[in-house]
Amino acid sequence: MSNLSLIQGKEGHMEELVRIAAKPIAFLGATVLFIGLIYLGIQLKDGMRGGGGELAKAIALIVSGGIVTGFAALYGFTGF
């Protein structure tokens, strides 16, 4: 068995592991996104008295949750 076929075999296994883990990864990403939306709502309700630092944290949570969920979608996640 050549080294190339061993490498391709390992990549196939890793791809399968990522596909199996896509649903839990998407769940975590959606959770972070939802928490970010709640945090944004709390900050906007308070009138953004914190100077914008807390607003940036809320937006960072929303963006990171969206990116993680998008990654899961690339690997076959279609919905809960």
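Residues numbered from 1 in each chain as written. Predicted model: local features only at pLDDT ≥ 70, side-chain atom pairs only at ≥ 80, totals over all residues. Heavy atoms only, no water.

What about the overall build of the protein chain?
Part 1: A count of helical and extended segments in the protein chain gives three helices and zero strands.
Part 2: Helices and strands in the protein chain line up, N terminus first, as α-α-α.
Part 3: The buried share among the 80 residues of the protein chain stands at 14%.
Part 4: Put simply, of all contacts in the protein chain between residues at least 6 apart along the chain, 76% involve residues at least 24 apart. (Helix = DSSP H or I, 4+ residues; strand = E, 2+ residues; numbered from the N terminus. Buried < 20%, exposed > 50% of the residue type's maximum accessible area, 1.4 Å probe, protein only. Contact = heavy atoms within 4.5 Å.)

Digging into the pattern of salt bridges
It is possible for side chains of opposite charge to pair when their charged atoms get near one another.
Part 1: Scanning the entire structure with this criterion turns up one salt bridge.
Part 2: Linking Glu54 and Lys57 is a salt bridge whose minimum nitrogen-to-oxygen distance equals 3.3 Å. One end of the pair is Glu54 and the other is Lys57, both in helix H3 (residues 53-74) and three residues apart, which spans about a single turn. (Salt bridge = Lys/Arg side-chain N within 4 Å of Asp/Glu carboxyl O.)

Examining helix H2 (residues 22-45)
Part 1: Spanning 24 residues, H2 covers 34 Å between terminal C-alpha atoms, matching the ideal 34 Å at 1.5 Å per step.
Part 2: Those residues of H2 that sit buried are Ala22, Ala26, Gly29, Gly36, Leu40 and Gln43.
Part 3: Where H2 ends, the next residue or the one after it, Gly47, has phi of about 80°, a positive value. (Expected span 1.5 Å × (residues − 1).)

Brief notes about a nonpolar patch on the surface
Part 1: Judged by side-chain polarity, Met14, Leu17 and Ile20 come together as a nonpolar surface patch covering roughly 330 Å² of accessible area.
Part 2: With respect to the helices and strands, the residue Leu17 is situated in helix H1 (residues 3-20). (Patch = residues over 30% accessible without salt bridge, like charges linked within 9 Å, V, L, I, M, F, W, Y side chains within 5 Å. Areas by Shrake-Rupley, 256 points an atom, 1.4 Å probe, with all protein chains shown as cover.)

Some words on the packing of H2 against H3
A pair of packed helices can be characterised by two numbers: the angle between their axes and the separation between those axes.
Part 1: Here H2 crosses H3 at 160°, and the two axes come no closer than 7 Å. With respect to each other, H2 and H3 are oriented roughly antiparallel. H2 and H3 meet at a crossing whose hand is left-handed.
Part 2: When the residues that make up the contact of H2 with H3 are grouped by side-chain class, the tally is 18 nonpolar, seven polar and two charged. (Axes fitted to C-alpha atoms, helices over the stretch in contact; angles between N-to-C directions. Parallel < 35°, antiparallel > 145°, perpendicular 65-115°, else oblique. Left-handed = near helix turned anticlockwise from the far one by under 90°. Nonpolar A, V, L, I, M, F, W, Y, C, P; charged D, E, K, R; others polar.)

Remarks on the environment of Val32
Part 1: Relative to the helices and strands, Val32 is located in helix H2.
Part 2: Not counting residues within four places of it along the chain, the set of residues in contact with Val32 comprises Leu61, Ser64 and Gly65.

Things to note about the environment of Val18
Part 1: Here Val18 is to be found in helix H1.
Part 2: Along the sequence, Val18 and Tyr75 sit 57 residues apart, while their C-alpha atoms lie 7.0 Å from each other.
Part 3: Those residues within four positions of Val18 in sequence are excluded, and the remaining contacts are Phe71 and Tyr75.

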